[in-house]
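Here is how the chains run, residue by residue.
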Amino acid sequence: MSTLFTARDACSFGAHVVVRELDLPVEVVRVALRTAESPIHAVNPLGRVPALRLDDDTVITENGAILPYLADLKPGTTLFALPGEPERAQIQSWISYISTEIHAAGFRQVNRPERYSADPASHDGIRRQSARTLHAAIAHIDRHLQGRDWLVGNRFTIADAYLGVFVRWIARLGPDFAGFDALNRFREAYLARPSVQAALAAEAG
């Protein structure tokens, strides 16, 4: 059986949701992050999740690779699209945008400014500027979702499973991020899905 390594409240949650949406025969194992003794280092030398270890010990890392791989285990699933179909590229495009503009360029700098400057005096400035950058990136998604339930094809896809991770995080950023009406509706629909509720329960245990 393949194993998906996740961490509580991490970006690996989207892959966990996909495993449950598709009822895949994948074991989900929760690990600690940023600790030297965590078993994730034996799987991914970078010590990051998600990481997917296959039956033959092949390891796949990064959401941009893992999410499509999981969906392709169920050919024809509505969570993705077939090779050659434009919707497949659109889904992958949104995953890339979320990974780069929302996660790496936004939340990572807001949450860990020390990675970008060794000077503690600069950290508040990094957080403020990163929050402005993140707000603009989120606003783009909110505009796209006006009149839509989901990102592509008006159906839940692996891109939505991934976006839901960060829409949950956005709710913690305070009043400046509270006015995204389309994303607020998205969050409610996302949290109502049985797969999301099951994944949340599992990661809270």
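Residues numbered from 1 in each chain as written. Predicted model: local features only at pLDDT ≥ 70, side-chain atom pairs only at ≥ 80, totals over all residues. Heavy atoms only, no water.

Draft legend 1. Representation of the pattern of salt bridges within the structure. According to the stated counting rule, one finds seven salt bridges in the structure shown. Residue R172 is joined to D9 by a salt bridge in which the shortest nitrogen-to-oxygen separation is 2.8 Å. Within this pair, whereas R172 is found in the loop between α6 (158–170) and α7 (181–191), its partner D9 is found in the loop between β1 (2–6) and α1 (13–21), the two being separated by 163 residues in sequence. Looking at D9, the relative accessible area reads 32%, which means it is partly exposed. Taking the shortest distance from any N to any O, the salt bridge between R155 and E87 comes out at 2.7 Å. Pair noted here: R155 is in the loop between α5 (123–144) and α6 and E87 is in helix α4 (residues 86–111), with a separation of 68 residues, a long-range link. According to the relative accessible area criterion, E87 is partly exposed, its value standing at 25%. Through salt bridges with shared partners, a single ionic network connects D9, R168 and R172. (Salt bridge = Lys/Arg side-chain N within 4 Å of Asp/Glu carboxyl O. Helix = DSSP H or I, 4+ residues; strand = E, 2+ residues; numbered from the N terminus. Buried < 20%, exposed > 50% of the residue type's maximum accessible area, 1.4 Å probe, protein only.)

Draft legend 2. The UniProt feature "domain: GST N-terminal" (unreviewed entry) in the protein, seen in detail. This chain's UniProt record puts "domain: GST N-terminal" (unreviewed entry) on residues 1–78. Helix makes up 29% of residues 1–78 and strand 21%, with an end-to-end C-alpha separation of 24 Å. (UniProt positions renumbered as here; feature names shortened; annotations may be inferred.)

Draft legend 3. Region of the structure containing the layout of surface pockets. The volume enclosed by the largest pocket comes to roughly 720 Å³. Taken together, 28 residues make up the lining of the largest pocket; nearest its centre are C11, R34, H103, R108 and R112. Among the elements of the structure, α3 (63–72), α4 and α6 are those that each provide at least two residues to the lining of the largest pocket. Broken down by element, the lining of the largest pocket gets its largest block of residues, five residues, from α4. (1 Å grid on protein atoms, 1.4 Å probe; cavity = no way out; pocket = protein on both sides within 12 Å on 5 of 7 lines; lining within 4 Å. Points joined across faces, edges and corners; volume = space filled by probe spheres on them.)

Draft legend 4. Fine view of α3. Of the positions making up α3, those classed as buried are N63, I66, L67, P68, L70 and A71. In this fold, the buried residues of α3 make contact with β1, α1, β3 (51–53), β4 (59–61), α4 and α6. (Contact = heavy atoms within 4.5 Å.)

Draft legend 5. Spatial organisation of the UniProt feature "domain: GST C-terminal" (unreviewed entry) in the protein. Annotation from UniProt places "domain: GST C-terminal" (unreviewed entry) at residues 84–205. In residues 84–205, helix accounts for 68% and strand for 0%; the two terminal C-alpha atoms are 40 Å from one another.

Draft legend 6. How the structure looks around the packing of α1 against helix α8 (residues 194–204). Packing of α1 against α8 brings their axes to within 9 Å, and their N-to-C directions diverge by 120°. When the interaxial angle is binned, α1 and α8 end up oblique. Of the two possible hands of crossing, α1 and α8 adopt the one that is right-handed. On the side of α1, the interface is formed by F13, H16, V17, R20 and E21, while α8 contributes S195, V196, A198, A199, L200, A202 and E203. (Axes fitted to C-alpha atoms, helices over the stretch in contact; angles between N-to-C directions. Parallel < 35°, antiparallel > 145°, perpendicular 65-115°, else oblique. Left-handed = near helix turned anticlockwise from the far one by under 90°.)

Draft legend 7. Fine view of the side chain of S117. Examined against the element boundaries, S117 turns out to sit in the loop between α4 and α5. A polar side-chain atom of S117 sits 3.1 Å from the main-chain amide nitrogen of D119. What S117 contacts, discounting residues up to four positions off in sequence, is S122, H123 and I126. (Polar contact = N/O pair within 3.5 Å; in protein donor to acceptor, adjacent residues only side chain to side chain.)

Draft legend 8. Region of interest: the pairing of strand β2 (residues 26–30). Across five bridges, the pairing between β1 and β2 is parallel. Each residue of the ladder has a partner; that of T3, found in β2, is E27. With α1 bridging β1 and the parallel β2, this β-α-β connection has right-handed handedness. (Pairing = 2+ DSSP bridges. Right-handed = clockwise from strand over helix to strand, strands pointing away.)

Draft legend 9. Representation of the pairing of β1 in the model. Counting buried positions along β1 gives five out of five residues, so the element sits mostly inside the fold. Residue alternation in β1 divides its side chains into two sets, S2, L4 and T6 and T3 and F5, and both sets are buried. Bridge count for β1 against β3 is three bridges, and the pairing is antiparallel. If you follow L4 over to β3, its bridge partner there is L52.

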